[in-house]
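Fold and geometry: a report
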Amino acid sequence: MGGEEGRRAGGAGRRAEWDYPLLDEYDFLTTVHGLVDTAVTAGGKRVSVHLADQDDRILVTALNHQTAGQDAAGAVPAEVAVLRTVDACGAHSDHDGHAWWALLDARPRPTKHLA
């Protein structure tokens, strides 16, 4: 398989290997890219991305290791905050630098269609 079909099939396989076949890949990738872009824009020359999972939730954190210049990390990008599977998101600053995080529901419930 090539092109878009190959990427979709590969993504489905990775989600299944991680035991989250219902994880919304678009939301996950949008979250990772949005948080990393925010960390870089805030002055990060070195950015770390951390992933953790527990109880059907995935925590994505981007840390920019920038402790000087800003008192606060700033807001999580709106395009991340509004995603359907993002349950919570936020930002904080500490001795390691500025961090942005989002908690995604890896087993989202189907949307209800009201008649």
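Please refer to the structure higher up on the page.
Attention here is on the structure that accompanies the text. Everything numeric here is computed off the predicted structure, so don't read it as measured data. What you see as residue numbers is a count from 1 along each chain, following the sequence as written. Confidence filtering applies because this is a predicted model: local features only for residues at pLDDT of at least 70, side-chain atom pairs given and counted only at 80 or more, and all residues used for totals across whole chains, interfaces and linings. Note: side-chain values were computed over all heavy atoms of the structure, leaving out hydrogens and water.

**Overview of the side chain of Thr30**
- In this description a helix means any DSSP run of H or I spanning at least four residues, a strand means any run of E spanning at least two, and both kinds are numbered starting from the N terminus. Position of Thr30 relative to the elements: it lies in helix 2 (residues 25–41).
- For the purposes of these results, a polar contact is taken to be a pair of N or O atoms within 3.5 Å, where, inside protein, one atom must be able to donate a hydrogen and its partner to accept one; residues adjacent in sequence count only when each atom of the pair is a side-chain atom. From its side chain, Thr30 meets the backbone oxygen of Tyr26 in a polar contact 2.8 Å long.
- Apart from residues lying up to four places away in sequence, Thr30 is in contact with Glu79, Val80 and Leu83. Contact between two residues is taken to exist if any of their heavy atoms lie within 4.5 Å; hydrogens are not considered.

**A word on the pairing of strand 3 (residues 86–94)**
- Any two strands are treated as partners once DSSP identifies two or more bridges connecting them. By the bridge criterion, 8 bridges tie strand 3 to strand 4 (residues 97–105) in an arrangement that is antiparallel. By the bridge assignment for strand 4, Ala88 is matched with Leu103.

**Focus on the pattern of salt bridges**
- Note on definitions: salt bridges are taken to be side-chain nitrogens of Lys or Arg within 4 Å of carboxyl oxygens of Asp or Glu. Overall, the coordinates contain 5 salt bridges when judged by the stated rule.
- Of the charged contacts, one joins Asp19 and Arg107 as a salt bridge, the two residues approaching to 4.0 Å between their closest N and O atoms. With a gap of 88 residues between them, Asp19 in the loop between helix 1 (3–17) and helix 2 and Arg107 in the segment after strand 4 connect regions that are remote in the sequence.
- Type-normalised accessible area, obtained with a 1.4 Å probe on protein chains alone, sets the label of each residue: buried when under 20%, exposed when over 50%, and partly exposed for intermediate values. For Asp19, a relative accessible area of 51% gives the class exposed.
- By sharing partners, the salt bridges in this structure join Asp19, Asp56 and Arg107 into a single network.

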